[in-house]
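Results of the structural survey
Residue-level listing of the chains:
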Amino acid sequence: MKRKIKQLERIERLRKQLHELSTWRLAMVTQEREKLASDHAEMMQALGEGLMAYGAVSAAGTRRVRNLERDMAVADMIGKNLEKRALDDGRLAKLADRCLEAARGAHREQVERR
């Protein structure tokens, strides 16, 4: 029984680490998405003003805006996948915690019976 508890402790610890890693990745993607959104807003503002509104500079600015929009769409898709994964990892971490507590309780009862 003690061996099973040790194994469940390792599983719980691993699941918690995976959940923390998923949460960290989600935070990084969220930061990247916010950075892309601010860059997009700045480019849109710059395209409407001054020399950026005309000629070759305007074409380059437009390409940059399209690239930013594509990157934002990719970041949104990745963010949605990471949100789901973080929730799944959190559920599995909670399940591992509950299994560990149940095993500890069963071991405690077994020791008390002796």
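For the structure itself, look to the data block above.
Residues numbered from 1 in each chain as written. Predicted model: local features only at pLDDT ≥ 70, side-chain atom pairs only at ≥ 80, totals over all residues. Heavy atoms only, no water.

Quick look at the overall build of the protein chain now. The helix and strand tally for the protein chain stands at 2 helices and 0 strands. Whereas a compact globule of 114 residues would reach a radius of gyration of roughly 13 Å, the protein chain reaches 25 Å, over 25% beyond that. Along the first, second and third principal axes, the C-alpha atoms of the protein chain reach 90 × 15 × 15 Å. Across the 114 residues that make up the protein chain, the buried fraction comes to 22%. At a minimum sequence separation of 6, the contacts of the protein chain that also span at least 24 residues come to 80%. Accessible area of the protein chain: about 8500 Å², with a carbon and sulfur share of 56%. Here the protein chain holds 25 positive side-chain charges and 18 negative ones, and the gap between their average locations is 10 Å. (Helix = DSSP H or I, 4+ residues; strand = E, 2+ residues; numbered from the N terminus. Rg over C-alpha atoms; globule rule 2.2 N^0.38 Å. Buried < 20%, exposed > 50% of the residue type's maximum accessible area, 1.4 Å probe, protein only. Contact = heavy atoms within 4.5 Å. Areas by Shrake-Rupley, 256 points an atom, 1.4 Å probe, with all protein chains shown as cover. Lys, Arg positive; Asp, Glu negative; His and termini not counted. Charge placed at Lys NZ, Arg CZ, Asp CG, Glu CD.)

Counting across every chain of the model gives 9 salt bridges. Salt-bridge contacts for aspartate 71 lead to arginine 70; the nearest nitrogen and oxygen are separated by 3.4 Å. According to the relative accessible area criterion, aspartate 71 is partly exposed, its value standing at 29%. Bridged by salt links that share partners, the residues Glu9, Glu101 and Arg104 form one connected network. (Salt bridge = Lys/Arg side-chain N within 4 Å of Asp/Glu carboxyl O.)

For helix α1 (residues 2-47), built from 46 residues, the straight-helix expectation of 68 Å at 1.5 Å per residue is met to within 8% by its first-to-last C-alpha distance of 67 Å. Contacts from the buried residues of α1 go to α2 (55-113). (Expected span 1.5 Å × (residues − 1).)

Turning to a nonpolar patch on the surface, a few remarks are in order. Taken together, the side chains of Leu21, Trp24 and Met28 define a hydrophobic patch exposed on the protein surface, amounting to about 300 Å² of accessible area. Checked against the element boundaries, tryptophan 24 lands in helix α1. When its relative accessible area of 51% is taken as the criterion, tryptophan 24 is described as exposed. (Patch = residues over 30% accessible without salt bridge, like charges linked within 9 Å, V, L, I, M, F, W, Y side chains within 5 Å.)

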